[in-house]
Amino acid sequence: MAAWDLSVIVEDLGNETPPVSLSVTSDFHIGGVMLKLVEKTQIKRDWSDHALWWEQKQQWLLRTAWSLEKYGIHADARLVFMPQHKPLRLGLPNGITLRLRACYSSPVFKTVMGICRMLNIRHPEELSLLRPVEEKKKKKDKDVNEEIYDLCEVPLTSGAFISLHSLSIPETSRPCLYNGMPAHFADSAQMESIYKMLSITQPPPAPEVLAKQYRPASVVDKAHINGRWLDSSRCLLQQGIQENDRLWLRFKYLTFYELDPKYDVVRLTQLYEQARWAILLEDIDCTEEEMMLFGALQYHISKVSQSEPQILTTNAAMDDLESALQCLEVKMEGESSSASEMLVRQVGCFSLPKRLTLKGYKQYWFKFQDTSISYFKSKEESIGEPIQQINLKGCEVAPDVNVAAQKFLIRLLIPAPEGMNEVYLRCDNQYAQWMAACRLASKGKSLADSTFQSEIQSIRSFLAMQKTNSGSHGNAPANDESINTYSLVSPRYHKKYKVKQLTPRILDAYQNVAQLSLTDAVMRFLQIWQSLPDFGLSYVVVRFKGSRKDEVLGIAPNRLIRIDLGVGDVVKTWRYNNMKQWNVNWDIRQMAIEFEGNVNIAFGCVTADCKIVHEFIGGYIFMSTRSREKSDTLNEELFHKLTGGHEAL
């Protein structure tokens, strides 16, 4: 075959150095080209991380056995020989910026796996990378002096980067720990201090810092944020991310698997920070009482973390013993109580009003049995046929509670052929029992389940935290100088109330959480965050087929919600478990989804690429496939199959 000249830019030689010219033939394989390049440079160094990048095609040439002809490379191809791992500035949820070497040649999904492995964050499939919010020029000037913690010296052979293209790694396998931290953080006092910054909560932000932060003013503003997620199927370089660029690492799929304080110190800390900022910047709505409780928990967490260092080590033998005892306790409790629960609890009757309209409630007599509730006009008529029986299996259960106002509602979203029906139950008594029963029934469990009592206790503790202890502040004085109320609540409360009004309310709520340990307080904060009605919703502005106006699509971990943009009302809800198929017409960038019962919807995306919406839906379906038996290995192929569409293939 005829020889021809191929020019390759060797990045390590510098921008001013002309390309290296090689004499090749079309059957020359990529590995041979790389070998010739290394010989021509005459530089003795480790070239194992280098690969060829084809600029015109925006493609890495990673199949070293393929020939130039098979790749379609001719003399006019612009190739660059460069490292696959390059420095990246990474902003974490707690505001810290790290500089680390990330993989620019793997799909973002795998790059995030490598980053999380280095930072000791389990279940990296829940996180992804997104472009930061564009900042004003004044702020950019300040960022020049921003402190960046450098992790670029962590060797590529460490646990952080051993996942190469063809290698499958058990997702839950953790790097070897020394003194409770990965080995590469135990090398020096400086590295150890960085790990502590990752795993210990930051103090509340100063009010002026909080006031300068961008806050979404509407659901459309919230929707624009989701247009910045990177494509998980493509690598950083394909998406225009260059060396030393800045990205954010955030939890994207808000369905958390196996949150365990023993192994998830960094994961829990970063999740708490992301939740805290979401509340302070009003990314998620909450009531005034809930805001005061969040403020009290932040105050307590900050106070405890300063006085009591976080425990990073655990006794493995004691952990195993504790786990075995818990399993035995649950098993014995289930065996001893199941018979009596089935006889007594399932036929228990309580008087509960049911909301029929937006304005009022009408009282009925309710009966709970198996996973269904039935209601009657009165107790006397409960022997006969009910007015209606509602099966709660697969429904959504959310609390709507205000203890101070004595408002105890249970919000049920019940699957229906064309979406979801919304039902509110207002409880006059035994709220915790009914809420626990509804939660279990939604998972297909009856009241005989051994977790019924623990569910009740969890709900009672949640309610107890909302109670106020007016007139008694215990060990927290009313004029506590260490509490800065404007750092603990969102800015709209700064305008609504004065400090002397906010302080006693936060301290009242603080009394209910003051005895919690640091870990328990963080877990409680996350529990209440996850119980908010709008938790887990990611918004995208869309235009439905046949409609003349823009609407909002809310993407939740288990359903899609159609929201009227003008009023903010929920128009329709569709559950993923009723979804038969979904696809994208990539030519016109339109998504089409088919549900059971011949329900079809189609829409184009306004504030985000349809690939992002496709990935959200496929990602949440992937999250639902995780189970305790399968959690040892992350099925990367399935993730890309569900999220990538034909573009990933």
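This is a predicted model, so every value here is computed, not measured.

Describe in detail the overall build of the chain, supporting the description with residues and values.
From N to C terminus, the chain includes 18 helices and 26 strands. Here the chain, with 649 residues, has 51% of them falling under the buried criterion. Taking contacts inside the chain between residues at least 6 apart in sequence as the whole, the part at least 24 apart equals 64%. Of the accessible surface of the chain, which amounts to about 31,700 Å², a share of 50% is contributed by carbon and sulfur atoms.

Would you mind going over the packing of helix 9 (residues 288–307) against helix 14 (residues 499–510) in detail, with residue names and values included?
Their axes nearest at 8 Å, the elements helix 9 and helix 14 cross at an angle of 75 degrees. As the angle between them shows, helix 9 and helix 14 are arranged roughly perpendicular. From helix 9, Glu-288, Glu-289, Met-292, Leu-293, Gly-295, Ala-296, Tyr-299, His-300 and Lys-303 reach across to helix 14, where they touch Leu-502, Arg-505, Ile-506, Leu-507, Ala-509 and Tyr-510. Partitioned by chemical class, the residues of the contact of helix 9 with helix 14 number 9 nonpolar, 2 polar and 4 charged.

With reference to specific residues and values, describe the nonpolar core.
Counting 152 residues, the largest nonpolar core has Leu-119, Leu-412 and Trp-529 as the members making the most contacts within it. Setting aside chain neighbours within four positions, we find Leu-412 in contact with Ile-373, Leu-392, Cys-395, Glu-396, Val-397, Asn-421, Glu-422, Val-423, Leu-425 and Cys-438. In this structure, Val-8, Tyr-71, Ile-73 and Leu-79 belong to the second largest nonpolar core, which totals 21 residues.

Provide a residue-level description of the confidence of the model for the chain, including the pertinent values.
Interpretation of the predicted coordinates at a detailed level should be avoided for regions scoring low in pLDDT. Chain-level pLDDT for the chain is 81 on average; 82% of the residues reach the 70-or-more range. Contacts from residues 469–479, a stretch scored under 50 in pLDDT, to residues over four places away or in other chains number 19 contacts.

Could you give me a rundown of the sheet that holds strand 7 (residues 97–103), with the residues and numbers involved?
Spatially, 5 strands are ordered 8-12-6-7-9 in an open sheet, and the strand pairing comes out mixed. Each edge of the sheet is formed by a strand with only one pairing partner; in this case those strands are strand 8 (127–130) and strand 9 (148–150). Averaged over all pairs of adjacent strands, the angle between strand axes in this sheet comes to 45 degrees, irrespective of strand direction. By the bridge criterion, 3 bridges tie strand 7 to strand 9 in an arrangement that is parallel.

Account for helix 14, naming residues and giving values.
Spanning 12 residues, helix 14 covers 16 Å between terminal C-alpha atoms, matching the ideal 16 Å at 1.5 Å per step. Where helix 14 is concerned, the buried positions are Leu-502, Thr-503, Ile-506, Leu-507, Asp-508, Ala-509 and Tyr-510.

Quick one: what's the story with the packing of aromatic side chains, residue by residue and with numbers?
Under the defined criterion, the tally for this structure stands at 25 aromatic pairs. On the numbers, 5.3 Å between centres and 85 degrees between planes, the contact of Phe-622 with Phe-639 is edge-to-face. A residue pair is termed long-range when its members are at least 10 positions apart, and Phe-622 in helix 16 (residues 610–623) and Phe-639 in helix 17 (residues 636–643) qualify at 17 residues. Judged on exposure class, the residue Phe-622 and its partner Phe-639 are both buried. An aromatic cluster of three or more residues is present, and its members are Phe-109, Tyr-253, Phe-616, Tyr-620, Phe-622 and Phe-639. Over the aromatic face of Tyr-497 sits the side chain of Arg-505, whose NZ or CZ is 5.6 Å from the ring centroid. We note Arg-562 situated over the ring of Phe-544; from NZ or CZ to the ring centre the distance is 3.9 Å.

Lay out the side chain of His-50 with the relevant residues and their values.
Along the chain, His-50 turns up in strand 3 (residues 50–54). The exposure class of His-50 is buried, given its relative accessible area of 3%. Look past the residues within four positions of His-50 in its chain and what remains in contact with it is Asp-12, Met-34, Arg-45, Phe-81, Met-82, Pro-83 and Gln-84.

Would you mind going over the pattern of salt bridges in detail, with residue names and values included?
Tallying each qualifying case throughout the model produces 24 salt bridges. In this structure, the salt-bridge partner of Glu-636 is Lys-110, at a minimum N-O distance of 3.0 Å. Placement of the pair is Glu-636 in helix 17 and Lys-110 in helix 3 (residues 108–119), with a sequence separation of 526 residues. Each member of the pair, Glu-636 as well as Lys-110, carries the same accessibility label: buried. Here Glu-615 ties to Lys-611 by a salt bridge, and the two come within 2.9 Å at their closest N and O atoms. Separated by 4 residues within a single helix, Glu-615 and Lys-611 lie in helix 16, roughly one turn from each other. Given the relative accessible area of 1%, Glu-615 is considered buried. Note on Lys-611: relative accessible area 5%, which makes it buried. In this structure, a network of salt bridges that share partners links the residues Arg-122, Glu-125, Glu-126, Asp-264, Arg-267 and Arg-626.

Can you break down the sheet that holds strand 5 (residues 79–83) residue by residue, with the values?
Read from one edge to the other, the open sheet built from 5 strands follows the order 2-1-5-3-4, with strand pairing classed as mixed. Every other strand in the sheet has two partners, leaving strand 2 (20–24) and strand 4 (59–61) as the edge strands with one partner each. This sheet shows a mean twist of 35 degrees between the axes of neighbouring strands, independent of strand direction. Where strand 3 meets strand 4, 3 bridges bridge the pair, whose relative direction is antiparallel.

Go over the pairing of strand 20 (residues 538–544), please, and point to the residues and values.
Extensive coverage of strand 20 is indicated by the burial of 6 of its 7 residues. Bridging between strand 20 and strand 21 (residues 551–555) involves 5 bridges; their strand directions are antiparallel. If you follow Val-540 over to strand 21, its bridge partner there is Leu-553. Between strand 20 and strand 21, which follow one another and run antiparallel, lie 6 residues, and Gly-546 among them has a positive phi close to 90 degrees. The pairing of strand 20 with strand 26 (residues 599–605) spans 3 bridges and is antiparallel.

Explain helix 8 (residues 265–280) residue by residue, including any values.
With 16 residues, helix 8 extends 22 Å between its outermost C-alpha atoms, agreeing within 8% with the 22 Å of an ideal straight helix rising 1.5 Å per residue. The buried fraction of helix 8 amounts to 16 of the 16 residues, a majority that puts the element mostly inside the structure. Of the residues trailing helix 8, Glu-282 is marked for its positive phi of about 60 degrees.

So what's going on with the environment of Gln-274? Which residues, and what values?
Checked against the element boundaries, Gln-274 lands in helix 8. The exposure class assigned to Gln-274 is buried, which follows from its relative accessible area of 15%. For the pair Gln-274 and Phe-251, spaced 23 residues apart in the sequence, the C-alpha separation amounts to 7.8 Å. With residues up to four places along the chain from it excluded, the contact list for Gln-274 reads Pro-93, Arg-250, Phe-251 and Leu-254.

Outline the environment of Tyr-364, supporting the account with residue identities and numerical values.
Checked against the element boundaries, Tyr-364 lands in strand 14 (residues 361–369). The exposure class assigned to Tyr-364 is buried, which follows from its relative accessible area of 11%. Taking C-alpha positions, Tyr-364 is 5.7 Å from Phe-376, a pair spaced 12 residues apart along the chain.

Can you tell me about the pairing of strand 25 (residues 590–595), naming the residues and giving the values?
Note that strand 24 (residues 579–585) and strand 25 share 6 bridges and pair antiparallel. When the bridges of strand 25 are listed, Met-579 appears paired with Phe-595. Taking the residues that link successive antiparallel strands as the turn, the strand 24-strand 25 hairpin has 4 residues, and the phi of Arg-589 there is positive, at about 55 degrees. Between the antiparallel neighbours strand 25 and strand 26 lie 3 residues, among them Gly-597 with a positive phi of about 80 degrees.

Rules and cut-offs
- Residues numbered from 1 in each chain as written.
- Predicted model: local features only at pLDDT ≥ 70, side-chain atom pairs only at ≥ 80, totals over all residues.
- Heavy atoms only, no water.
- Helix = DSSP H or I, 4+ residues; strand = E, 2+ residues; numbered from the N terminus.
- Buried < 20%, exposed > 50% of the residue type's maximum accessible area, 1.4 Å probe, protein only.
- Contact = heavy atoms within 4.5 Å.
- Areas by Shrake-Rupley, 256 points an atom, 1.4 Å probe, with all protein chains shown as cover.
- Axes fitted to C-alpha atoms, helices over the stretch in contact; angles between N-to-C directions.
- Parallel < 35°, antiparallel > 145°, perpendicular 65-115°, else oblique.
- Nonpolar A, V, L, I, M, F, W, Y, C, P; charged D, E, K, R; others polar.
- Core = buried A, V, L, I, M, F, W, Y, C linked by side-chain atoms within 4.5 Å.
- pLDDT = per-residue confidence, 0-100.
- Pairing = 2+ DSSP bridges.
- Expected span 1.5 Å × (residues − 1).
- Phe/Tyr/Trp six-rings, centres within 6.5 Å; stacked < 30°, edge-to-face > 60°.
- Lys NZ or Arg CZ within 6 Å of the ring centre and 35° of its normal.
- Salt bridge = Lys/Arg side-chain N within 4 Å of Asp/Glu carboxyl O.

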